[in-house]
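The chain contents come next:
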Amino acid sequence: MTVRSILDTKGHQILSVEPDVKLSAAIKTLGERKIGAVLVMSQGGVEGILSERDIVRVLGERGAAVLEEPVSAVMTRKVVSCRQSDTVAAIMEMMTLGKFRHLPVIEDGRVVGLISIGDIVKWRVREFELEQEALRDYIKTA
């Protein structure tokens, strides 16, 4: 199964913030949307990603004053991405090895979606449920 199948189910909507947005405003967005990360984009290009982990780390290092700093001072700049044609197994391995939970999906230089570990877990659970149902139906007819 591919990333495309997950995006086709969950949707291709992308939430992003500008690099100069205050960290406090980005945190408010994360809380309101009940999400764990947001892309940091400028003029259609990805400049970074801001995750809950980034926020906790910087608050621990520099204290509450960092809330007034721009997101660009806190975000992860090295963003690993995937393509719609990548397999779910491949992105699971990427996330596990890289120890991150959000992966932008980029096609032809533009962001077409964002996959989270939660999306993958939801997809895998649904896949197992369908397999179990198919096996039960097979056993009933055998």
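Computed from a predicted model, the values in this text were never measured in an experiment.

Draft legend 1. Region of the structure containing the overall build of the chain. Looking only at helices and strands, one finds 5 helices and 5 strands in the chain. Going from the N terminus to the C terminus, the chain shows its helices and strands as α-β-α-β-β-α-α-β-β-α. For the chain, the spread of C-alpha atoms along the principal axes amounts to about 65 × 35 × 30 Å. When the 142 residues of the chain are sorted by exposure, 33% land in the buried category. With the model as given, the accessible surface of the chain reaches about 8,800 Å², and the carbon-plus-sulfur share is 54%.

Draft legend 2. Seen up close, unusual backbone geometry. For Lys 34, which is not a glycine, the phi torsion comes out positive at approximately 55°. Given the relative accessible area of 75%, Lys 34 is considered exposed. A positive phi angle, near 50°, is found at Asp 108, a position not held by glycine. Secondary-structure assignment places Asp 108 in the loop between strand 4 (102-107) and strand 5 (110-116).

Draft legend 3. Quick peek at the pairing of strand 3 (residues 45-51). Two elements, strand 2 (residues 37-42) and strand 3, share 6 bridges in a ladder whose sense is antiparallel. Among the inter-strand pairings, Val 40 is bridged to a residue of strand 3, identified as Gly 48. Between strand 2 and strand 3, which pair antiparallel in sequence order, lie 2 residues; one of them, Gln 43, sits at a positive phi of approximately 55°.

Draft legend 4. Spatial organisation of the side chain of Ser 116. Mapping Ser 116 onto the fold places it in strand 5. Leave out the neighbours within four places in its chain, and Ser 116 touches Met 95, Arg 101 and His 102.

Draft legend 5. Highlighting the pattern of salt bridges. One pass over the structure, following the stated rule, counts 10 salt bridges. Salt-bridge contacts for Glu 32 lead to Lys 28; the nearest nitrogen and oxygen are separated by 3.9 Å. Placement of both Glu 32 and Lys 28 in helix 2 (residues 23-33) is noted, with a separation of 4 residues, approximately one turn of the helix. Summarising the burial analysis for this pair, Glu 32 and Lys 28 share the class exposed. Between Arg 83 and Asp 86 there is a salt bridge, and its shortest N-O distance comes to 3.4 Å. Residue Arg 83 is classed as partly exposed on the basis of its relative accessible area of 46%.

Draft legend 6. The arrangement of the sheet that holds strand 3 in detail. Overall, mixed pairing links the 3 strands, which are arranged 1-2-3 in an open sheet. Of all the strands in the sheet, just strand 1 (16-17) and strand 3 have a single pairing partner and so form its edges.

Draft legend 7. The environment of Ala 26, seen in detail. The residue Ala 26 is located in helix 2 in this model. The sequence separation of Ala 26 and Val 71 amounts to 45 residues, and the corresponding C-alpha distance is 7.4 Å. Apart from the residues within four sequence positions on either side, Ala 26 is in contact with Val 21, Leu 50 and Val 71.

Draft legend 8. Representation of helix 1 (residues 3-10) within the structure. When helix 1 is considered as a whole, its buried residues turn out to be Val 3, Ser 5, Ile 6 and Leu 7. Buried positions along helix 1 lie against helix 4 (88-98), strand 4, strand 5 and helix 5 (117-141). Just past helix 1, the residue Gly 11 takes up positive phi, approximately 110°.

About the cut-offs
- Residues numbered from 1 in each chain as written.
- Predicted model: local features only at pLDDT ≥ 70, side-chain atom pairs only at ≥ 80, totals over all residues.
- Heavy atoms only, no water.
- Helix = DSSP H or I, 4+ residues; strand = E, 2+ residues; numbered from the N terminus.
- Buried < 20%, exposed > 50% of the residue type's maximum accessible area, 1.4 Å probe, protein only.
- Areas by Shrake-Rupley, 256 points an atom, 1.4 Å probe, with all protein chains shown as cover.
- Pairing = 2+ DSSP bridges.
- Contact = heavy atoms within 4.5 Å.
- Salt bridge = Lys/Arg side-chain N within 4 Å of Asp/Glu carboxyl O.

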